[in-house]
Amino acid sequence: MISEAMCTRMNEQINRELYSAYLYLSLSAHAERINLKGTAAWFMAKHGEEMVHALKMYRYLLDQDAAVELTAVAAPPAAPEGVMAVFEETLAHERSVTAAINDLVDLALSEKDHATNIFLHWFVTEQIEEEATVNDIIGRLRLFGDQGQGLLMIDNELGATAKTMGQTAAPGAGA
Ligand code: OFO
């Protein structure tokens, strides 16, 4: 059993995760249109991961006998100009998601809601990895270049990485 306030906030977080999925789907399409196939595959894999995040929360609410309330998912903005700006926007977005997860943990702690607190630990750890991964990509774009040969190399790397992503959990699987 979780509080009504927690149920509302978890539903808001489900919407945020679905928005993340939508944002990355849009960035995948954008990358493919500018011939960055590896980057497109990476964002498509991120899309899948975000759907898993949303479904983990969906499953948790149902397991807690709480209502899942799906609301409209906002349209993502047009992709910014340039690959560097795309990843900078991605990092800014992930930082906002981290802040939202931290707020949820604060609420769980203030309510002495141990179950939700423990459930959210997976997301806290996941956000560290998500931010670090994007930071690393930005660092490599700075080092090797966000155009020409450097970009081609990084695009190939992202394509290879995409093949290994999202293989850890099936949608809806528990943490
Ligand atoms: Fe769900 O972690 Fe990104 O947004």
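Below: a short report on this structure.

Remarks on the packing of aromatic side chains
Scanning the entire structure with this criterion turns up 7 aromatic pairs. Taking 5.0 Å as the distance between ring centres and 85° as the angle between the ring planes, the aromatic pair formed by Trp42 and Phe43 counts as edge-to-face. In this structure, Trp42 and Phe43 share a single accessibility class: buried. A ring pair is formed by Trp122 and Phe123, whose centres lie 4.9 Å apart and whose planes are at 80°; its orientation type is edge-to-face. For Trp122, a relative accessible area of 27% gives the class partly exposed. Assessed through its relative accessible area of 1%, Phe123 is described here as buried. An aromatic cluster is defined as three or more aromatic residues linked by ring pairs; in this entry it consists of Tyr24, Trp42, Phe43 and Phe87. The ring of Trp122 is capped by Lys56, whose NZ or CZ atom sits 4.2 Å from the centre of that ring.

Regarding a nonpolar patch on the surface
A surface patch of nonpolar side chains, amounting to about 260 Å² of accessible area, comprises Tyr22, Leu25 and Met44. Relative to the helices and strands, Leu25 resides in helix 1 (residues 4–33). Judged by relative accessible area, which is 31%, Leu25 ranks as partly exposed.

What about the packing of helix 2 (residues 37–63) against helix 5 (residues 148–164)?
Two elements in contact, helix 2 and helix 5, have axes whose closest approach is 7 Å; the angle formed by their N-to-C orientations is 35°. At the point where helix 2 passes helix 5, the crossing takes the left-handed sense. In contact with Lys37, Gly38, Thr39, Ala41, Trp42 and Ala45 of helix 2, helix 5 contributes Asp155, Leu158, Gly159, Thr161 and Ala162. Classifying every residue of the contact of helix 2 with helix 5 by side-chain character gives 5 nonpolar, 4 polar and 2 charged.

Examining the side chain of Lys46
Topologically, Lys46 is positioned in helix 2. Classification of Lys46 by relative accessible area gives buried; the value is 4%. Residues within four places of Lys46 in sequence aside, it is in contact with Tyr24, Glu130 and Met165.

Calculation rules
Throughout, a residue's number is its position along its own chain's written sequence, starting from 1. Owing to the predicted nature of the model, reporting of local features is limited to residues with pLDDT of at least 70; listing and counting of side-chain atom pairs is limited to 80 or more, with chain, interface and lining totals taken over all residues. Each side-chain value is derived from all of the structure's non-hydrogen atoms; neither hydrogens nor water enter the calculation. Planes of paired rings set the category: under 30 degrees apart is stacked, over 60 is edge-to-face and the rest tilted, where pairs are Phe, Tyr or Trp rings (Trp by its six-membered ring) whose centres lie within 6.5 Å. Remark: exposure states derive from per-residue accessible area (1.4 Å probe, protein chains only) relative to the maximum for the residue type, with buried under 20%, exposed over 50%, and partly exposed in between. Definition used: whenever NZ (Lys) or CZ (Arg) falls within 6 Å of the ring centre and also within 35 degrees of the ring normal, the charge is taken to sit over that ring. Each patch is built from residues lacking any salt bridge and having more than 30% relative accessible area; the joining distance is 9 Å for like charges and 5 Å for nonpolar side chains (Val, Leu, Ile, Met, Phe, Trp, Tyr). Residue exposure ignores everything except the shown protein chains as possible cover, and the areas themselves are Shrake-Rupley values with a 1.4 Å probe. Counted as salt bridges are all cases of a side-chain nitrogen of Lys or Arg within 4 Å of a carboxyl oxygen of Asp or Glu. Here a helix means four or more residues in a row that DSSP labels H or I, a strand means two or more in a row labelled E, and each is numbered from the N terminus. Every axis corresponds to a line fitted to the C-alpha atoms, with the helix fit spanning only the stretch in contact, and the corresponding angles, defined between N-to-C directions, vary from 0 to 180 degrees. When the near helix sits turned anticlockwise from the far one by under a right angle, the crossing is termed left-handed; a clockwise turn instead gives a right-handed crossing. The contact rule is simple, with two residues in contact once any of their heavy atoms fall within 4.5 Å. When residues are sorted by character, Ala, Val, Leu, Ile, Met, Phe, Trp, Tyr, Cys and Pro go into the nonpolar class, Asp, Glu, Lys and Arg into the charged class, and all the rest, Gly among them, into the polar class.

Without other data, these values stay purely geometric and don't point to any function.
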